[in-house]
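Next come the chains, spelled out residue by residue.
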Amino acid sequence: MLPDVAPSSPFTAPEGGHYKALPSAPGGDEGNAQAFKTACVFILIIELVERLCYYTFAGSQEFFLEQLGYSVQQSAGLNSAFSTLCLLWPLAGGYVADAFWGRYKTIVRFASVYLVGTLVCALAVLPGDWRSGSAYLIGSMGLIAVGCGGIKPNISNFGADQYDIRTEAGKKAQEVFYTQFYVVINIGALASYGGMTTLCSNGGPFVPKAFGYFAAYSMGAIAMAFALLTFMCKSSTFLHKPPGGNLLRGVAKHLTSAARRGSWRATAVCIGVPSTIGGILTSVVFSFFPSTPALLIALVGIAGGLTSIGWGCHGDLSWITKLAIHDRGLGRHETSDFLRVLPTMISASLAFNALYNCSSFWFQQQACQMNLVVSGFQLSGSFFNVADCIAIVFLTPVILKHVNPALSRTFGGFSRHGKLMLGCALAAVSVFWSAYLEVSRRASPLLSEDSACAPKGVKMSSFSAWWMVGPYAVMGLAEVYVNPTLYYLSYSQTPPRLRSTAQAVCLVMGAASSGMFTLLTHLMGSANNLNDSHLEYGYFASASLSLVFVLCYLSVQGSLKEKDFHMPGEHHRDESDGEEEERGTLKEVAYQRVGFFKDFASPAPSMFGSPNASPNASPFASPRASPLNSPRDEDFDLGAADFMLRTED
């Protein structure tokens, strides 16, 4: 059955359809864009508060665990494991959204679990008999991590769904939304690191130091309750797209059937996926129960699994259409289109996160043993993360309006590849700068005052912690170039029905990177006092690991071809079993590794290096592209055509 469509469409829909089009707003395209933008405010509020809570926990967890008696190494490992779980659960969250609940219901249900987790943690950190390390770990590494897993892979895609990308104004507004989304993330982080984490460790006005953690976590819980309530109240203003069905089952069916028919690449992917997930989970177990066997299993699982996935998905994927068994719920071309993006996404994400993890965990430890005193008040080491957030929030407009156009004019274009490489280079500068500051800090004389965010008895050095503003700010610039680019890549270059899953894959790569960082903290050795260790060696090891992934990225990105999934393409019949597939329009250009910043010749490059123009002026320019000419109703792919659908309650 064909869906209901907008009144302006030349098509008419049968009565009683389950979905209807979003009515046109006054003012035509611009009116629709403005209406969608207003609805997206409440989506951005959810993301803002979720990030406020997440960074408050991530930025204070190490210090609280140290108060409970954990060593610096154990605290850093558990903090990294918390991030790992928050990035691994999105695989489940993306799956249930795509297969069963849809994005809106998934966000609401998982955000409710997140809210319960913040309340549990707030009660667990109360001083006295109420304080419970076990309850705190259950609330943070259990409930909050699960809640994060449902929000993160769906919230940005749910916002992107609100824009009518059949119009040029809608396309541009959608791309701007991704930048706004990332700015909102960092506003939440700015509030967290600028005030909440210091409130945790030192208290504040009308908040005794002993109740600092309780006050900060309670404020986070109240904010999450408010954001969730407003989000639910605005449900009727959102565009609700239906779930696409159990799509991962279709992907798995295609891969396993191709493997059984003799495809080595399919076999590699089938082995690599569980190996990677198993290695990540083993790294979490390792953070609680360190042992050499667990270390080896985690290293082999993650490294071997990622290598297998990258090799299996790289290059010619015709083996999917030749060997995979037909699945009624998912076309083989959709599986092929999904897998073709993975090598680029995986390698680019790992290259950047290998460096970014240093700022997430080691930068604040390093700052905690510098001079944190300002006018008699001692700041938290994680406070200086505000430089990262400020750089993103305030420099993003400058970069978009001035820096990127200048780079484009200088190099004859500034594509996605250029943004990713520049971002990784800036991240490396940040890490090497921090290594230099660590050597200088260790050589400085000690003060008589203990650090409030380091283990008991550890003195601050006379070296000012304000020097850490530089590395944090440069890392923020790196994020501006890398993360929005990866967000947009996962949305624009994957089949519409698999976009939540693709976003989850990006986050899982962050989990893999955090898992490797957990293992790296163990290899660095145990020392509660950084003066007894060489933290700069860890920075050098992280940079070396990033270089390996950069080389992997350079070896795979050249074969990635652009596809435009916004336009319904021609139907292609698979002669092997009569399966008819509707393909996105293939951009007949490939990423050419010619020059550094000029590898994609697009007639109209967008903000993130992907083309705004399409070879087809209209989705209905060709009679063969019209869904009315589909020989069977069940062959019409709701996800591939960009009709604006809303679920009727």
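The structure displayed is predicted, hence computed values, not measured ones.

Trainee: Kindly report on the overall build of the protein, identifying the contributing residues and their values.
Mentor: Scanning the protein from N- to C-terminus turns up 16 helices and eight strands. In the protein, which comprises 649 residues, the share counted as buried stands at 60%. When contacts within the protein are restricted to residue pairs at least 6 apart in sequence, those whose partners lie at least 24 apart make up 79%.

Trainee: Can you explain the environment of proline 127? Please cite residues and give values.
Mentor: Residue position: proline 127 is located in the loop between helix H3 (90-124) and helix H4 (133-160). Look at proline 127 and you get partly exposed, because its relative accessible area is 28%. Along the primary structure proline 127 and glycine 212 are separated by 85 residues, whereas in three dimensions their C-alpha atoms are 9.8 Å apart. Dropping the residues within four chain positions of it, proline 127 is found in contact with Ala210 and Phe211.

Trainee: Break down the nonpolar core for me, with residues and values.
Mentor: Counting residues in hydrophobic clusters, the biggest one holds 158 residues, and the most contacted among them are Tyr136, Tyr217, Phe231, Leu339 and Phe384. Here the element with the most residues in this core is helix H11 (residues 332-368); it accounts for 18 residues. Ignoring sequence-local partners within four residues, the contact set of leucine 339 consists of Leu255, Cys313, Leu317, Trp319 and Ile320. Counting residues in each nonpolar core, the second largest holds five residues, with Phe286, Ala294, Leu295 and Leu519 among its members.

Trainee: Would you mind going over empty space enclosed by the protein in detail, with residue names and values included?
Mentor: The final tally for this structure, using the stated rule, is twelve cavities of 30 Å³ or more. In this model, the largest cavity occupies a volume close to 620 Å³. What lines the largest cavity is a set of 34 residues, among which Arg51, Tyr55, Leu87, Asn353 and Tyr356 lie closest to the centre. Of all the secondary structure elements, the ones that give two or more residues to the lining of the largest cavity are helix H1 (28-67), helix H2 (72-88), H4, helix H5 (168-202), H11, helix H14 (469-492) and helix H15 (499-523). Ranked by residue count, the leading element in the lining of the largest cavity is H11, at eight residues. Counted by class, the lining of the largest cavity contains 17 nonpolar, 13 polar and four charged residues.

Trainee: Help me get a handle on H14, residues and values and all.
Mentor: Between its first and last C-alpha atoms H14 spans 34 Å; for 24 residues at 1.5 Å apiece the expected length is 34 Å, and the two agree. At glutamate 479, H14 shows its strongest bend, of approximately 35°. Most of H14 is tucked away: 21 of the 24 residues are buried.

Trainee: Which residues make up the packing of helix H9 (residues 292-313) against H11, and what values do they have?
Mentor: Each pair of packed helices can be described by the angle between their axes along with the distance between the axes. The contact between H9 and H11 brings their axes to 8 Å, and the two run at 140°. Taken together, the axis directions place H9 and H11 in an arrangement best described as oblique. Of the two possible hands of crossing, H9 and H11 adopt the one that is left-handed. Along its contact with H9, which presents Leu306, Ile309, Gly310 and Cys313, the element H11 presents Leu339, Arg340, Leu342, Pro343, Ile346 and Leu350. A breakdown of the residues in the contact of H9 with H11 according to their chemical character gives eight nonpolar, one polar and one charged.

Trainee: For the packing of helix H13 (residues 416-442) against helix H16 (residues 535-556), give the residues involved together with the corresponding values.
Mentor: The geometry of H13 relative to H16 is characterised by a closest axis approach of 9 Å and an angle of 170° between their N-to-C directions. Classified by the interaxial angle, the pair formed by H13 and H16 is roughly antiparallel. Judged by the twist between their axes, the crossing of H13 over H16 is left-handed. For the pair H13 and H16, contact is made by His417, Leu420, Met421, Val431, Phe432, Ser434, Ala435, Glu438, Val439 and Arg442 and by Leu535, Glu536, Tyr539, Phe540, Ala543, Val550, Tyr553 and Leu554, respectively. The residue inventory of the contact of H13 with H16, partitioned by class, reads 13 nonpolar, two polar and three charged.

Trainee: Before we move on, can you summarise the side chain of serine 546 with the specific residues and values?
Mentor: Within the fold, serine 546 resides in helix H16. For serine 546, a relative accessible area of 3% translates into the label buried. What serine 546 contacts, discounting residues up to four positions off in sequence, is Ala351, Ala354 and Leu355.

Trainee: Residues and numbers for the environment of lysine 105, please.
Mentor: Within the secondary structure, lysine 105 is located in helix H3. With relative accessibility at 45%, the residue lysine 105 sits in the partly exposed group.

Trainee: Describe in detail the side chain of glutamine 493, supporting the description with residues and values.
Mentor: Tracing the backbone shows glutamine 493 in the loop between H14 and H15. A polar contact of 2.6 Å, which involves the side chain of glutamine 493, links it to the side chain of arginine 340. If we ignore the near neighbours within four places in the chain, the residues touching glutamine 493 are Asp337, Arg340, Val341, Arg416, Tyr488, Lys561, Glu562, Lys563 and Phe565.

Cut-offs applied
Throughout, a residue's number is its position along its own chain's written sequence, starting from 1. Since the coordinates come from a predicted model, pLDDT governs what is reported: local features require at least 70, and pairs of side-chain atoms require 80 or more to be given and counted, while whole-chain, interface and lining totals use all residues. Hydrogens are left out, water is left out, and the side-chain values use all remaining heavy atoms of the structure. Numbering of helices and strands runs from the N terminus, with a helix taken as a DSSP run of H or I at least four residues long and a strand as a DSSP run of E at least two residues long. Relative accessible area decides the class of each residue, using a 1.4 Å probe on protein chains only: under 20% of the type maximum gives buried, over 50% gives exposed, and in between gives partly exposed. Throughout, a residue-residue contact means that at least one pair of heavy atoms, one from each residue, lies within 4.5 Å. Nonpolar core, defined: a set of buried Ala, Val, Leu, Ile, Met, Phe, Trp, Tyr and Cys residues in which side-chain atoms within 4.5 Å join the residues together. Cavities and pockets are defined on a 1 Å grid built over the protein atoms alone: a cavity is a set of grid points where a 1.4 Å probe fits but cannot escape, while a pocket is an open set with protein on both sides within 12 Å along at least five of seven lines, and lining residues are those with an atom within 4 Å of any such point. Grid points are joined across faces, edges and corners, and a volume is the space filled by probe spheres set on the points. As a working rule, the residues Ala, Val, Leu, Ile, Met, Phe, Trp, Tyr, Cys and Pro are called nonpolar, Asp, Glu, Lys and Arg charged, and the rest polar, with Gly in that last group. Multiplying 1.5 Å by the residue count of a helix minus one yields the expected span of that helix. Two axes enter the definition of the bend at a residue: one is fitted to the seven residues ending there, the other to the seven starting there, and the bend is the angle between them. Each axis is a line fitted through C-alpha atoms, taken for helices only over the stretch in contact, and angles between the N-to-C directions span 0 to 180 degrees. Orientation is classified from the angle alone, with under 35 degrees giving roughly parallel, over 145 giving roughly antiparallel, 65 to 115 giving roughly perpendicular, and any other angle giving oblique. Handedness of a crossing is defined here by the sense of rotation of the near helix relative to the far one, left-handed for an anticlockwise turn of less than a right angle and right-handed for a clockwise turn. Here a polar contact is taken to be a pair of N or O atoms separated by no more than 3.5 Å, where protein atoms must pair a possible hydrogen donor with a possible acceptor and residues adjacent in sequence count only if both atoms sit in side chains.

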